[in-house]
Amino acid sequence: MSEVSPEVSLVLPAYNEAKRIRETVDIVADKLGAISRAFEIIIAEDGSTDGTDKIAEALAIERSYVRHLHSDTRLGRGRALKHAFQLAKGDILVYIDVDLATDIAHLKELIGYIRAGYDIATGSRMLKGSDVKRSLTRLIASKGFNLLTRVILRSSLRDHQCGFKAFKRDSLFAILDEIRDDHWFWDTELLIRAQRAGYKIKEFPVRWRSPSDTKVDMRRDVFGMAYQIFRLWREL
């Protein structure tokens, strides 16, 4: 990478991802290299206890386009993303899940929508044309959550939680400090506030496969996000 400021900053939120963080960085860097001549990959490593921090630091030393942000304590997914975006240098800000549940082949499309003038682009597992495989339990929980969000928070989007999003820098920073949730609801709150602000959002179908080792706790996180829906409804 040259000293040119990156066009794209891609954030990988990572908590206990020692088994796959290196492979994911390799795959993502290969894809980004074909999309943009100037990019950076930020590993937002959130208080890992399995050695992810050591691998991420080694990657940052080995590769000029990798940056490692470490937290000694768990920030939560949303706060880790916010911190990474605040330190990112690119005009296009992206984040994807380390497990690559969303097919990385969609990355060019994701970034392309921001280049085309959208404020936000987000992959969707709920649109016609989406190719999704996951358990019935998780399908029902996801459909229920998104239905509540659409009805109670008047969202026009179909899928709020897909970990495959891109933002125009100025647009994201205009609402970033308004988002109160620090964890899994962060995506949803961001999209709701962006719609209220009149942002141009592109939701598009993706190929998605459920990871076998997901960190979502169905009971704790689903009920927690339902609470956050009503919290945000009261605020708005």
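Keep in mind that what you see is a predicted model, and the values were worked out from it rather than measured.

Colleague: So what exactly am I meant to see when it comes to the environment of L110 here?
Modeller: Tracing the chain through its elements places L110 in helix α4 (residues 107-115). Remark: the alpha-carbon pair of L110 and L172, spanning 62 residues in sequence, is separated by 15 Å. If we ignore the near neighbours within four places in the chain, the residues touching L110 are V94, A121, T122, F164, K165, A166 and F204.

Colleague: How should the pairing of strand β5 (residues 120-124) be read in this particular structure?
Modeller: On a regular strand, one side chain projects to one face of the sheet and the next to the other, so that they alternate. Burial within β5 is extensive, with five of its five residues counted as buried. Residues I120, T122 and S124 point to one face of β5 and A121 and G123 to the other, with burial holding for every one of them. For β5 and strand β7 (residues 164-168), the ladder comprises three bridges, and the chain directions are antiparallel. Each bridged residue has a counterpart across the sheet, and for A121 the counterpart in β7 is A166.

Colleague: Teacher, can you tell me more about the pattern of salt bridges here?
Modeller: Evaluated as defined, the whole model comprises 23 salt bridges. Of the charged contacts in the structure, one is a salt bridge between D46 and R74, with a shortest N-O distance of 3.0 Å. Placement of D46 in strand β2 (residues 39-46) and of R74 in the loop between β3 (66-71) and α3 (77-87) is noted, with a sequence separation of 28 residues between them. With a relative accessible area of 39%, R74 lands in the partly exposed category. Taking the shortest distance from any N to any O, the salt bridge between R79 and D182 comes out at 3.7 Å. In this pair, R79 sits in helix α3 while D182 sits in the loop between α6 (169-175) and α7 (186-196), placing the two residues 103 residues apart along the sequence.

Colleague: Would you explain the sheet that holds β5 in this entry?
Modeller: Each strand in a sheet pairs with another by means of backbone hydrogen bonds, the pair being arranged parallel or else antiparallel. Read across the sheet, seven strands follow the order β3-β2-β1-β4-β7-β5-β8 without closing on themselves; strand pairing throughout is mixed. Looking along the sheet, the strands with just one partner apiece sit at the ends: β3 and β8 (201-205). Neighbour to neighbour, the strand axes of the sheet diverge by 20° on average, direction disregarded. Along the sheet, helix α1 (residues 21-35) makes contact with β1 (8-14), β2, β3 and β4 (92-96), crossing β2 at roughly 155°.

Colleague: What is the right way to read α3 from this model?
Modeller: Each α-helix turn comprises 3.6 residues. Residues three or four places apart therefore point the same way. Turning to α3, its buried residues number three or more, namely R77, G78, A80, L81, A84 and F85. Buried residues along α3 cover an arc of 160° about the axis, so they all sit on one side.

Colleague: What is the right way to read the packing of aromatic side chains from this model?
Modeller: The geometry of an aromatic ring pair is captured by the separation of the ring centres together with the interplanar angle, meaning the angle of the planes. Within this structure, the stated rule accounts for seven aromatic pairs. Ring geometry for F85 versus W186: centroids 6.4 Å apart, planes at 25°, classification stacked. Within this pair, whereas F85 is found in helix α3, its partner W186 is found in helix α7, the two being separated by 101 residues in sequence. Residue F85 shares its accessibility class with W186, and that shared class is buried. A centroid spacing of 5.8 Å and a plane angle of 90° characterise the contact between Y113 and Y118, whose relative ring orientation is edge-to-face. Accessibility classification places Y113 together with Y118 in one group, the buried group. Of the aromatic side chains, those joined through ring pairs into one cluster are F85, Y95, F167 and W186. The ring centre of Y15 lies 3.6 Å from the NZ or CZ of R74, which sits over that ring.

Colleague: Explain empty space enclosed by the protein to me, please; I cannot follow it from the model alone.
Modeller: Here the idea is plain: a probe the size of a water molecule rolls over the atoms and shows the empty space left. One pass over the full model with this rule turns up one cavity of 30 Å³ or more. Along its surface, the largest cavity is lined by I96, D97, D99, L100, A101, T102, G163, F164 and W208. Classifying every residue of the lining of the largest cavity by side-chain character gives five nonpolar, two polar and two charged.

Colleague: Explanation requested: the side chain of R63 in the structure shown.
Modeller: Structurally, the position occupied by R63 is in the loop between α2 (52-62) and β3. Within polar-contact distance, the side chain of R63 engages the side chain of D26 at 2.4 Å. Residues within four places of R63 in sequence aside, it is in contact with R22, V25 and D26.

Colleague: How should I be thinking about α1 in this particular structure?
Modeller: In this model α1 runs 21 Å from its N-terminal to its C-terminal C-alpha over 15 residues, within 8% of the 21 Å that 1.5 Å per residue would give. Residues of α1 that are buried include every one of I21, T24, V25, V28, A29, L32 and I35, and no others. For α1, the angular spread of the buried residues around the axis is 130°, confining them to a single face. More than 90 degrees from the buried face of α1, the exposed residues found are E23, D30 and A34.

Rules of the game
Residue numbering note: each chain is counted from 1, following its sequence as written. A pLDDT threshold of at least 70 governs which residues receive local features in this predicted model, and a stricter bar of 80 or more applies before side-chain atom pairs are shown or counted, although totals over entire chains, interfaces and linings include all residues. With hydrogens and water stripped out, all remaining heavy atoms of the structure feed into the side-chain values. Counting from the N terminus, the helices are the DSSP runs of H or I reaching at least four residues and the strands are the DSSP runs of E reaching at least two. Contact between two residues is taken to exist if any of their heavy atoms lie within 4.5 Å; hydrogens are not considered. Buried residues are those whose accessible area, probed at 1.4 Å on protein chains only, stays under 20% of the maximum for their type, while exposed residues exceed 50% and partly exposed ones sit between those limits. For two strands to pair, DSSP has to find at least two bridges joining them. Just to be clear on terms, a salt bridge is a Lys or Arg side-chain nitrogen sitting within 4 Å of an Asp or Glu carboxyl oxygen. Every axis corresponds to a line fitted to the C-alpha atoms, with the helix fit spanning only the stretch in contact, and the corresponding angles, defined between N-to-C directions, vary from 0 to 180 degrees. Directions pointing from the helix axis toward each C-beta atom define the arc. Under the pairing criterion, centres of Phe, Tyr and Trp rings, with the six-membered ring standing for Trp, must be within 6.5 Å; the plane angle then separates stacked pairs below 30 degrees from edge-to-face pairs above 60, leaving the rest tilted. Whether a charge sits over a ring depends on NZ of Lys or CZ of Arg being within 6 Å of the ring centre and within 35 degrees of the ring normal. Cavities and pockets are defined on a 1 Å grid built over the protein atoms alone: a cavity is a set of grid points where a 1.4 Å probe fits but cannot escape, while a pocket is an open set with protein on both sides within 12 Å along at least five of seven lines, and lining residues are those with an atom within 4 Å of any such point. Grid points are joined across faces, edges and corners, and a volume is the space filled by probe spheres set on the points. The residue classification treats Ala, Val, Leu, Ile, Met, Phe, Trp, Tyr, Cys and Pro as nonpolar and Asp, Glu, Lys and Arg as charged. All others, Gly included, are polar. We define a polar contact as two N or O atoms separated by no more than 3.5 Å, with the added condition that, inside protein, one atom must be a possible hydrogen donor and the other a possible acceptor, whereas residues neighbouring each other in sequence contribute only through side-chain atom pairs. The length a helix should cover is 1.5 Å for every residue beyond the first.

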